[in-house]
Amino acid sequence: MRDPQLLRPAEPGDSGHTGGSGHTGGSGSTGDSGHTGDPARDRYEGRARSLWSDAWRDLRRDPVFLLSALVILFLVAIAIRPSLIASGNPLSCHLADAQDGSRPGAPFGFTAQGCDVYTRTVYGARTSVVVGVLASLGVAVVGSVLGGLAGFFGGFWDAVLSRATDIFFGIPVVLGGLVLLSVVTSATVWPVIGFMVLLGWPQISRIARGSVITVKQNDYVQAARALGASTPRMLLRHVLPNAVAPVIVVATIALGTFIALEATLSYLGVGLKPPTVSWGIDISDASPYIRNAPHMLLWPAGALAVTVLAFIMLGDAVRDALDPKLR
């Protein structure tokens, strides 16, 4: 029988002898083998090479992500506490100031009812951020659960979900909003959020379904199944962490779309209603006066455009960071 030592492949740091101790130089290092001899450090470096760690490293170096993240953080800050930069009351109006231009204390001018455009623009960020975030979370949760279960189990429920998504995809979003929200009298954001979740989950469900179908065919999922892992354990431990990346990307991009959709529905008169402060309501009220007082329209419309663009840019940056094909 041959000596097992003769069959051992040469270590990357071997120089022809190991000094009798089996180590190269006694430092515990093995050259370029990727192991340090310290189990804790090896585990740390294994985590550092994961998809999420690599994605975060790329995002920190992406100027598009940094710029969009700064804009979004600013929007979130003023949504939480708009009084930080606007001390006035968005519902306080004086007809004597109607359609006046900018002046000290009111840099954006006044609306047709004499309300401060600057204050209403700042407070409108709260409504847009709340609607966008809650609608995205609702769509992501509902779509991920339905699509993930259908993709994992397949069969009858997969067929039912596929036909249901086909039906919802056939409903025009704006037309559906005109029909469903026209009978709602509530001035809160919840009917609008519910409508967005109702018509927005099919897209996420298809993304989640396809991602789960791809992940469940991997060897580590089959090995877990062969070892007797329960269905909840396989879903939560092996499938979900590896299938959630596409859902996060689509939900992030959709957040900006939901903000634009809320403004569109409010502009058409079926979304949010006064006294709720919304960029869509302000744009709708300012449209008849665009020639005489363009400042009434430009500031809320500009804030809406910047917000939507920031979330879409953030979603694009996250998609590029999580896409393994670009590595």
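This text gives an overview of the structure that appears in the document. Remember, predicted model here, so these are calculated numbers, not experimental data. (Residues numbered from 1 in each chain as written. Predicted model: local features only at pLDDT ≥ 70, side-chain atom pairs only at ≥ 80, totals over all residues. Heavy atoms only, no water.)

### Some details on the side chain of S162
Right, so step 1: By secondary structure assignment, the location of S162 is in helix α6 (residues 155-169).
Right, so step 2: Classification of S162 as buried rests on a relative accessible area of 17%.
Right, so step 3: A polar contact of 2.9 Å, which involves the side chain of S162, links it to the backbone oxygen of D158.
Right, so step 4: Setting aside its immediate chain neighbours within four residues, S162 contacts R206 and R209. (Helix = DSSP H or I, 4+ residues; strand = E, 2+ residues; numbered from the N terminus. Buried < 20%, exposed > 50% of the residue type's maximum accessible area, 1.4 Å probe, protein only. Polar contact = N/O pair within 3.5 Å; in protein donor to acceptor, adjacent residues only side chain to side chain. Contact = heavy atoms within 4.5 Å.)

### Re the pattern of salt bridges
Right, so step 1: Taken as a whole and judged by the stated rule, the model has ten salt bridges.
Right, so step 2: Among the ionic pairs, D97 bridges to R103, the shortest N-O distance being 3.1 Å.
Right, so step 3: Judged by its relative accessible area of 14%, D97 is buried.
Right, so step 4: One salt bridge in this structure joins D166 and R163, with 3.1 Å as the shortest N-O distance. Note that D166 and R163 are positioned in helix α6 at a spacing of three residues, about one turn of the helix.
Right, so step 5: Of the residues examined, D166 reaches a relative accessible area of 34% and is grouped as partly exposed.
Right, so step 6: One salt-bridge network, in which partners are shared between bridges, spans D54, R57 and D58. (Salt bridge = Lys/Arg side-chain N within 4 Å of Asp/Glu carboxyl O.)

### A few points about the state of the cysteines
Right, so step 1: Per the counting criterion, the structure on display carries one disulfide.
Right, so step 2: Here C93 engages in a disulfide with C115; their sulfurs sit 1.6 Å apart. The disulfide joining C93 to C115 has a torsion of about 75° about its S-S bond and is therefore right-handed. Taken together, the residues C93 in the loop between α4 (63-80) and α5 (117-153) and C115 in the loop between α4 and α5 connect sequence positions 22 residues apart.
Right, so step 3: Judged by relative accessible area, C93 falls into the partly exposed class, the value being 32%.
Right, so step 4: Taking the relative accessible area as the measure of exposure, C115 reaches 4% and is therefore buried. (Disulfide = S-S within 2.5 Å.)

Fair warning: the whole summary comes from geometry, so function is off the table for now.
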